[in-house]
Amino acid sequence: MDMAVTLKVGPEEKVRIRVKVNGVWYEREVEPRKLLVHFLREDLGLTSVHVGCDTGHCGACTVIMNGVSVKSCQVLAVQADGAEILTLEGLAKDGKLHPIQEAYWEKHALQCGYCTPGFIMETYWLLGENPNPTEEEIRRGLSGNLCRCTGYQNIIEAVKLAAQKLKELKATQ
Ligand code: FES
Ligand code: FES
């Protein structure tokens, strides 16, 4: 993805952007300096997207943008113009949890829950890329996401269970 943006507007001037978030198109005016994470939280009310740091390390702000997991604190909202974004709020369908959400629940893979939306979105991306990851691949795949509470082990178990659930689901379709 080409992330280069050339703006012909002043820093205070707003820019109109269109983004498709969880299947719905939104059109909003944003300041060019606005981070995608703040756009999602403040302009669209998607407060599952968390801020855990200001250095791009923690991954609490992870969302899927055009099929790739991104740390939304590292992307400007104007860079998302025309993009399709998926956040945790877009995973459950008709009140039924996504298999990854179910797996996190069943394996006790969260405590305070602050890192969880980011972990689940990263898991979503990881299992899309690699449906049969080894434990090492899971640990490496999630290494951009930090958790203070769980010690990671149950998160790894949840990802293994999610992989299995997704395979079973695919087999029945
Ligand atoms: S908020 Fe920590 S990486 Fe984005
Ligand atoms: S569950 Fe608390 S930070 Fe991960």
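It should be noted that the structure appears before, not after, this text.
Criteria and thresholds
- Residues numbered from 1 in each chain as written.
- Chains lettered and ligands numbered in written order.
- Predicted model: local features only at pLDDT ≥ 70, side-chain atom pairs only at ≥ 80, totals over all residues.
- Heavy atoms only, no water.
- Buried < 20%, exposed > 50% of the residue type's maximum accessible area, 1.4 Å probe, protein only.
- Helix = DSSP H or I, 4+ residues; strand = E, 2+ residues; numbered from the N terminus.
- Contact = heavy atoms within 4.5 Å.
- Pairing = 2+ DSSP bridges.

**Examining helix H2 (residues 99–106)**
Each turn of an α-helix holds 3.6 residues, which means side chains three or four residues apart point in the same direction. Burial runs high along H2: six of the eight residues are buried. Tucked inside the fold, the buried residues of H2 contact helix H3 (116–129) and helix H5 (153–172). Looking one or two residues past H2, His108 carries a phi angle of roughly 55°, positive in sign.

**Brief notes about the pairing of strand S3 (residues 62–65)**
Side chains Thr62 and Ile64 project from S3 onto one buried face, and the interleaved Val63 and Met65 project onto a second face that is buried too. Where S3 and strand S4 (residues 68–71) come together, four bridges link them in antiparallel fashion. Across the sheet, the residue bridging to Val63 is Val70, located in S4. Between S3 and S4, which pair antiparallel in sequence order, lie two residues; one of them, Asn66, sits at a positive phi of approximately 50°. Where S3 meets strand S5 (residues 84–86), two bridges bridge the pair, whose relative direction is antiparallel. Of the residues in S5, the one forming a bridge with Met65 is Ile85.

**Topic: the side chain of Ser72**
Inspection of the secondary structure puts Ser72 in the loop between S4 and S5. For Ser72, a relative accessible area of 0% translates into the label buried. Residue contacts for Ser72: discarding those within four places in its chain leaves Leu35, Leu36, Val37, Leu40, Val49, Cys61 and Val63.

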